[in-house]
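Coordinate analysis (summary)
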Amino acid sequence: QVQLVESGGGLVQAGGALRLSCAASGRTFSLYAMGWFRQAPGKEREFVATISWSGLSTDYADSVKGRFTISRDNAKNTVYLQMNSLKSEDTAVYYCAARRGGAIATMAFQYHDWGQGTQVTVSS
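Now for a description of the structure that goes with this document. What you see as residue numbers is a count from 1 along each chain, following the sequence as written. Local features in this predicted model are restricted to residues whose pLDDT is 70 or higher, and side-chain atom pairs enter the listing and the counts only when it is 80 or higher, whereas totals over whole chains, interfaces and linings include all residues. Note that the side-chain values use all heavy atoms of the structure and ignore hydrogens as well as water.

1. Here we look at the nonpolar core
Counting residues in hydrophobic clusters, the biggest one holds 35 residues, and the most contacted among them are Met34, Trp36, Val79, Leu81, Met83 and Tyr94. Counting from the N terminus, the helices are DSSP H or I runs at least four residues long and the strands are E runs at least two residues long. Those elements giving two or more residues to this core turn out to be β3 (18–24), β4 (32–39), β5 (46–51), β7 (68–73), β8 (78–83), β9 (92–100) and β11 (118–123). Of all the elements, β9 adds the most residues to this core, at 5 residues. Each nonpolar core is a collection of buried residues, namely Ala, Val, Leu, Ile, Met, Phe, Trp, Tyr and Cys, held together in the definition by side-chain atoms within 4.5 Å. Exposure categories follow from relative accessible area, calculated using a 1.4 Å probe and restricted to protein chains: below 20% of the type maximum is buried, above 50% is exposed, and the middle band is partly exposed.

So this is what it looks like as structure tokens:
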């Protein structure tokens, strides 16, 4: 099991940028694939981005492709989500998740450990 703590959320104007961080505890972080999901009020949790244990494989939701970038630093046990050109529809609580096995995945049920989330609010 790995404990995850997100940070970096906040209020930003449309067109602006934020970088989310997710710090993981444990010595086996490099064995986990990581993902970012988000949940807007009244909506189900949705996939945003995923990265393999090595960082060589990534995947994104169509709605964020070209705007968001996921990356990781295994030496720091941290995964990042750089969010550019933010839109009001990006407003949500963003969750970091860890998946044993190392391969990327886009479905929430494929992840075993979750953070508490960080709020991102984009004003138009």
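So, next bit.
2. Details of the sheet that holds β8
Pairing is antiparallel across the open sheet formed by 4 strands, whose spatial order is β1-β3-β8-β7. The strands lining the two open edges of the sheet, one partner per strand, are β1 (4–7) and β7. Taking the axes of each pair of neighbouring strands and ignoring which way they run, one obtains an average angle of 15° across the sheet. Strand pairing is assigned whenever DSSP detects at least two bridges linking the two strands. In this analysis, axes come from line fits to C-alpha atoms, helices being fitted only over the stretch in contact, and the angle between any two N-to-C directions falls in the range 0 to 180 degrees.

3. Digging into the side chain of Ser52
Along the chain, the position of Ser52 falls in the loop between β5 and β6 (58–60). The contact criterion used throughout is that any non-hydrogen atoms of two residues lie within 4.5 Å. Beyond its immediate stretch of four places on either side in the chain, Ser52 contacts Tyr32, Ala33, Ser57, Arg72, Gly102 and Ile104.

4. A word on the pattern of salt bridges
Should a side-chain nitrogen of Lys or Arg be within 4 Å of a carboxyl oxygen of Asp or Glu, the pair is scored as a salt bridge. Counted according to the given criterion, the structure contains 5 salt bridges. For Glu46, the salt bridge goes to Arg38, with nearest N and O atoms at 2.6 Å. For Asp62, the salt bridge identified is with Lys65, shortest N-O distance 3.3 Å. Given a relative accessible area of 48%, Lys65 falls into the partly exposed group.

Such coordinate-based values are descriptive only and should not be taken to indicate function.
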